[in-house]
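Spelled out, the chains give:
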Amino acid sequence: MSKSNTDSKEILTSKLDGKLTEELMASFADKGIISSEEFDVFYKDDRGYTRFLEEGPETFAGDNSDGKGIIRNVVSVWEYYSEEQIFECMLNNSFMAICVWDMEPLYKYNEDYNKA
């Protein structure tokens, strides 16, 4: 998922640790010179794409119409995982989530679709 400019600025600012001025980094993000991306397992329904974080589920429209970024390279989870590797779990005793036993298939997906 390509993050929105606002999210990219926040992520990059936290990672740069003062190595670039915030103004310069914001200018780069606004012009599309730098951006941030994440890869994850999403659940798709009529509300959009939902991913599950420790803080709680987060739903995206997927086309940045909600200002949360663009979801790219959507591939069925079954191309990388078997049924035995995916399960429902309770996170922080507060919400059900889709979880995986092994991160290697997710890294393989990232290599296949997001690495140049």
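For the structure itself, look to the data block above.
Residues numbered from 1 in each chain as written. Predicted model: local features only at pLDDT ≥ 70, side-chain atom pairs only at ≥ 80, totals over all residues. Heavy atoms only, no water.

Caption draft 1: Region of interest: helix α2 (residues 22–30). Looking only at α2, the buried set comprises Met 25, Ala 26 and Ala 29. All buried residues of α2 lie within an arc of 100° about the axis, which places them on one face of the element. Among the residues trailing α2, Gly 32 stands out with phi positive, at a value near 80°. (Buried < 20%, exposed > 50% of the residue type's maximum accessible area, 1.4 Å probe, protein only. Helix = DSSP H or I, 4+ residues; strand = E, 2+ residues; numbered from the N terminus. Arc of directions from axis to C-beta.)

Caption draft 2: The arrangement of the pattern of salt bridges in detail. Inspection of every chain in the model, using the stated rule, returns four salt bridges. Of the charged contacts, one joins Asp 40 and Arg 51 as a salt bridge, the two residues approaching to 3.9 Å between their closest N and O atoms. Here Arg 51 lies in strand β2 (residues 48–53) and Asp 40 lies in the loop between α2 and β1 (43–45), a separation of eleven residues in the sequence. The class of Arg 51 is buried, set by a relative accessible area of 5%. Overlapping salt bridges bring together Asp 40, Arg 51 and Glu 58 as one network. (Salt bridge = Lys/Arg side-chain N within 4 Å of Asp/Glu carboxyl O.)

Caption draft 3: Molecular detail of the sheet that holds β2. Read from one edge of the open sheet, three strands run β1-β2-β3, paired in antiparallel fashion. If you trace the sheet from one side to the other, it starts and ends with β1 and β3 (56–60), each paired once. Adjacent strand axes in the sheet meet at a mean angle of 30° when their direction is disregarded. Of the strand pairs in this sheet, β2 and β3 are connected by five bridges, and their pairing is antiparallel. Paired with Phe 52 across the strands is Pro 57, a residue of β3. (Pairing = 2+ DSSP bridges. Axes fitted to C-alpha atoms, helices over the stretch in contact; angles between N-to-C directions.)

Caption draft 4: Geometry of the packing of aromatic side chains. Tallied over the full model, the rule gives five aromatic pairs. With 6.4 Å between their ring centres and 90° between their planes, Phe 42 and Tyr 49 make a pair best called edge-to-face. Residue classification places Tyr 49 among the buried positions, given a relative accessible area of 17%. Judged by centre distance (6.0 Å) and plane angle (75°), the ring pair of Phe 42 and Phe 60 falls under edge-to-face. Residue Phe 42 is located in the loop between α2 and β1, and its partner Phe 60 is located in strand β3; the two are separated by 18 residues in the primary sequence. The partly exposed category is assigned to Phe 42, whose relative accessible area is 22%. (Phe/Tyr/Trp six-rings, centres within 6.5 Å; stacked < 30°, edge-to-face > 60°.)

Caption draft 5: Layout of the state of the cysteines. Inspection of the entire model under this criterion finds one disulfide. Two residues share a disulfide in this structure: Cys 89 and Cys 99, whose sulfurs sit 1.9 Å from each other. Of the two residues, Cys 89 sits in strand β4 (residues 86–91) while Cys 99 sits in strand β5 (residues 95–100), which places them ten residues apart along the sequence. No difference in accessibility class separates Cys 89 from Cys 99, as the two residues are buried. (Disulfide = S-S within 2.5 Å.)

Caption draft 6: Geometry of the pairing of β5. Where burial is concerned, the two faces of β5 differ: the one with Phe 95, Ala 97 and Cys 99 is buried and the one with Met 96, Ile 98 and Val 100 is not. Of the pairings in the sheet, the one linking β4 to β5 comprises six bridges and is antiparallel in character. Bridging from a neighbouring strand, Phe 87 pairs with Cys 99 of β5.

By themselves, these are just geometric observations and shouldn't be taken as functional.
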